[in-house]
Every structure is written in C-alpha cells, then in structure tokens.
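Residues per chain, in single letters:
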Amino acid sequence: MGLGAIVTEVVTGEAVVLEVPCARFPSRLLALGIDLAIQLTVIVILLVIAGLGTADGVMDQAALQAVVLTVIVLTVVGYPVIWETTTRGRSPGKFALGLRVVSDDGGPEHFRQALVRGLATIVDFWLLLGVPALISSLLSDKGKRLGDIFAGTFVIQHRLPTQRASAPPPVTTPELAAWATGLELSGLSDQTAAMARQYLSRLPELTPGARAELGERISAAVRAQVGPPPPPGTPAPAYLGAVLAERHRREHARLTAGAGTGAAGPGWRPPAAPPPSPLPPQPESLWAPPGQPQVPPTAWTGAAGEREGSQPGQPGDPASPPAAGTGFVPPR
C-alpha cells in the first residue's frame, strides 16, 4: 500500500459529479504522526510551565491536576479543531503531506465537523491505539475513519506528488511504431485520452490485479474509438502508450506546420491567384456587314433559355441584331 491516492466520485449539492483523489491510510498516518509530535511537544512545554508554578508555591496540588487535565484536553481536542476550522481542513501534518479534510459533498470542512472528528480522535486513536481507525479506513472506499463517518467528511490528496506532475509523455514501442502511424484517431475523445493518460501515470502505484483490470477496461474504451485494433497479444500499457504518443505526435506536427503556414506565421505568403480562364472562341457574326443580305440563324440560346428557330428582328427577341453599322455581336 503506497502513499498515493485513489480517485473517487463526489456528488456536490448542485448535482455535479467531481473526481477527487482520496488519501490513503499510510499518508494519513504519517500526517497524524507529525501532528502528534507537535501536540506532545506543546503538552510537555505547558506541563513544565505548570510544574514550575507549583514549585514556586503559586498553585497547590489540586490546581496542578486541573491545569494538567485542561492542558491535555485542549491540546488533544483543540489542536485539530482549531487548525482544521481556521485553515478549512488542514493541520500542519496534513499540510506537509498535501492532505485536506472536506465534506462528503466536496465542500470545505465546518467547525461542527472538525469538533466531531477531534472528539472521535480520543477514542479511535488515543484510547484504542488507532485500531478502529485502521479497520474503518481499510473497509471504506474513501478511507474514512470513525471520526469521518460520524462527521460526514473524508480526506483528499490536495497536492499530488511532484514526480506525478513531471511524468514523461507516453512513448511508442518499436514493435508498434509502424502500426501506430495508420491509426484513425478522430473518434478519440479528450475524456477517454485523459483517462488513459492518468492510468499510465499511476501504473507504479497499482497492484498487479488492479493494473490488469483497469488496463483492460480502459483499453476497451479506447478500442471502441480508435482503429485499427492492436496486434494480438499487445499489453494494455503498451497499446495505450502507443495511441497517446501518436496522438501527441500528430498534434505537435499540426501545430508546428500551422505556425509556418498560418496567416500570422513567419513564412506565410498569400495564395497565388488562379490563372484567368481563356475566352471561348468567338463565332463569326450572325449578320453580314452593312449593305449585304442577312443570314438568319438556325438556333440561338438566349439569356432566358433556348429559343430554336427564332428570327432576328422580332420585338423582344434576344437575338435581334443591333442597329446597322455598329458591328455588335450579341453575347453568348
């Protein structure tokens, strides 16, 4: 069991489903150890001050016992309550491990919830040595201990480890390089690609069983949107890595090509105008020069349609010749 986080779905008050990483028990235990060390240090300092007051005769024995009890209760209960209320779910230990306490709907922790968690800490950690907290955290899908169950809260991984953020991009194995160039990636949605990318980044944290189950499920979702299918026997991580690497390569190539050919690119040139189409050969005039008899056309296609056998000179006829001597040829 690592120090990582598992992703769970949270339904907010506005019926919006969010995916949040839940903190695992080891990281929570380490954060609690930091807080306990601080609490014990505060208790020792306050008890030393109270002991010095008793030695000087300022307090009697009964007053000393009352002060000791007050110091212990305020430190054990007040420490987490004050920190989690003022910082909205973060104590020094949780801050060091990147954890935060939130409500079941994903909202910030309130004072009532912090008080319930602080009181439950006395039972499941101080009196019973953390055994109930361990059992409850292992049985809960969100890693809840008894205090979280009573208060309606759970702990999330607010800050992910640094190595996950700087994970290298997926790569294509040499065996799949030629196959990946022929992939049809237009149907791959951003949501499915993000799910595959998250799976590959969490491979070191997953157990072999979870790695195989999640890999098969995510690969099936990718195969439904990408073609052709991978070669037989291809492992799920290799298949997903090849798909994501090819998608990244094509996007990078498209952006690189667009930078030099776009309207604002450094090498942009306006497209050349198409050459003008040659004019069709002009037929000889349908009319003879002035002073010679006219030869009527056998057919003429006018602007409003075809008129076969129309005679020139008729009113409204588009084939009517112009006045003599102009040499005008009607347009075709």
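Residues numbered from 1 in each chain as written. Predicted model: local features only at pLDDT ≥ 70, side-chain atom pairs only at ≥ 80, totals over all residues. Heavy atoms only, no water.

### Focus: the overall build of the protein chain
To be explicit about the condition: Each helix is a run of DSSP H or I of at least 4 residues and each strand a run of E of at least 2, with the numbering of both proceeding from the N terminus. The buried label applies to any residue whose accessible area, calculated with a 1.4 Å probe on protein chains only, is under 20% of its type's maximum; exposed applies above 50%, and partly exposed to all values in between. We call two residues in contact when some of their heavy atoms are within 4.5 Å. Accessible surface area values rest on a Shrake-Rupley calculation with a 1.4 Å probe, where residue burial reflects the displayed protein chains alone.
In terms of regular secondary structure, the protein chain is built from 11 helices and 6 strands. Looking at the protein chain as a whole, 33% of its 332 residues qualify as buried. In the protein chain, 60% of the contacts between residues at least 6 apart in sequence involve partners at least 24 apart. When the accessible surface of the protein chain is summed, it comes to about 20300 Å², and 66% of that surface belongs to carbon and sulfur atoms.

### Things to note about the nonpolar core
Rules: The term nonpolar core refers to a set of buried residues drawn from Ala, Val, Leu, Ile, Met, Phe, Trp, Tyr and Cys, joined through side-chain atoms within 4.5 Å.
Among the nonpolar cores identified, the biggest contains 21 residues, and Trp179, Val222, Val226, Leu240 and Val243 are the most heavily contacted of them. Listing elements by their share of this core, those giving two or more residues are α8 (174-180), α9 (190-201), α10 (208-223) and α11 (236-261). Ranked by the residues each element gives to this core, the list is headed by α11, at 6 residues. Residues within four places of Val226 in sequence aside, it is in contact with Leu183, Glu184, Leu185, Leu188, Tyr239 and Val243. Within the second largest apolar cluster, 6 residues are counted, among which are Ala31, Leu97, Leu99 and Val101.

### Here's the deal with the packing of helix α2 (residues 61-86) against helix α4 (residues 111-127)
What counts is decided by this rule: Only C-alpha atoms enter the line fits that serve as axes; for helices the fit covers just the stretch in contact. Angles between N-to-C directions range over 0 to 180 degrees. By convention the crossing between two helices is left-handed if the near helix lies anticlockwise of the far one by an angle smaller than a right angle, and right-handed if it lies clockwise. Polar here means any residue outside two lists: the nonpolar Ala, Val, Leu, Ile, Met, Phe, Trp, Tyr, Cys and Pro, and the charged Asp, Glu, Lys and Arg; Gly therefore counts as polar.
Where α2 contacts α4, the two axes come as close as 8 Å, and the packing angle between them is 145°. Every pair of crossing elements has a handedness; the one defined by α2 and α4 is right-handed. For the pair α2 and α4, the contacting residues are Val76, Val77, Pro80, Val81, Glu84 and Thr85 in the first and Phe111, Ala114, Leu115, Arg117, Gly118, Leu119, Ile122 and Trp126 in the second. The residue makeup of the contact of α2 with α4, split by class, is 10 nonpolar, 2 polar and 2 charged.

### Considerations on unusual backbone geometry
Trans peptide bonds make up the majority, and among non-glycine residues the majority have a negative phi. Of note, the bond from Gly227 into Pro228 is cis; its omega dihedral lies within 30 degrees of zero at -5°. Its place among the elements puts Pro228 in the loop between α10 and α11. Non-glycine residue Arg88 carries a positive phi angle of around 60°. Considering the arrangement of structural elements, one finds Arg88 in the loop between α2 and α3 (92-97). Its identity is not glycine, yet Leu129 carries a phi of approximately 60°, on the positive side. Relative to the helices and strands, Leu129 resides in the loop between α4 and α5 (131-139).

### Overview of the pairing of strand β4 (residues 153-157)
Defined as follows: Two strands are counted as paired when DSSP detects at least two bridges linking them.
Counting buried residues along β4, 5 of its 5 residues qualify, which places the element largely inside the surrounding structure. Across 5 bridges, the pairing between strand β3 (residues 99-103) and β4 is antiparallel. Within β4, the residue paired with Leu99 across the bridge is Gln157.

### Looking at the packing of aromatic side chains
Put simply, the rule is: Think of it this way: a Phe, Tyr or Trp ring, Trp meaning its six-membered ring, pairs with another when their centres are within 6.5 Å, and the plane angle makes it stacked under 30 degrees, edge-to-face over 60, tilted otherwise. Both a distance and an angle decide whether a charge sits over a ring: NZ of Lys or CZ of Arg must be within 6 Å of the ring centre and within 35 degrees of the ring normal.
All told, the structure shown has 2 aromatic pairs when counted by the stated rule. With 5.9 Å between their ring centres and 45° between their planes, Trp179 and Tyr239 make a pair best called tilted. Within this pair, whereas Trp179 is found in helix α8, its partner Tyr239 is found in helix α11, the two being separated by 60 residues in sequence. Among the residues examined, Tyr239 registers a relative accessible area of 1% and is labelled buried. The positively charged end of Lys142 is found above the aromatic ring belonging to Phe154, 4.8 Å away from the centroid.

### Things to note about the pattern of salt bridges
Our working rule: What makes a salt bridge here is a side-chain nitrogen of Lys or Arg within 4 Å of a carboxyl oxygen of Asp or Glu, nothing more.
Applying the stated rule across the entire model yields 12 salt bridges. For Asp148, the salt bridge identified is with Arg28, shortest N-O distance 2.7 Å. Residue Asp148 is found in helix α6 (residues 146-151), and its partner Arg28 is found in helix α1 (residues 25-55); the two are separated by 120 residues along the sequence. One exposure class covers both Asp148 and Arg28, and it is buried. As a salt-bridge pair, Arg117 and Asp148 come within 2.7 Å of each other at their nearest N and O atoms. Pair noted here: Arg117 is in helix α4 and Asp148 is in helix α6, with a separation of 31 residues, a long-range link. Exposure remark for Arg117: the relative accessible area of 2% places this residue in the buried category. Assessed through its relative accessible area of 0%, Asp148 is described here as buried.

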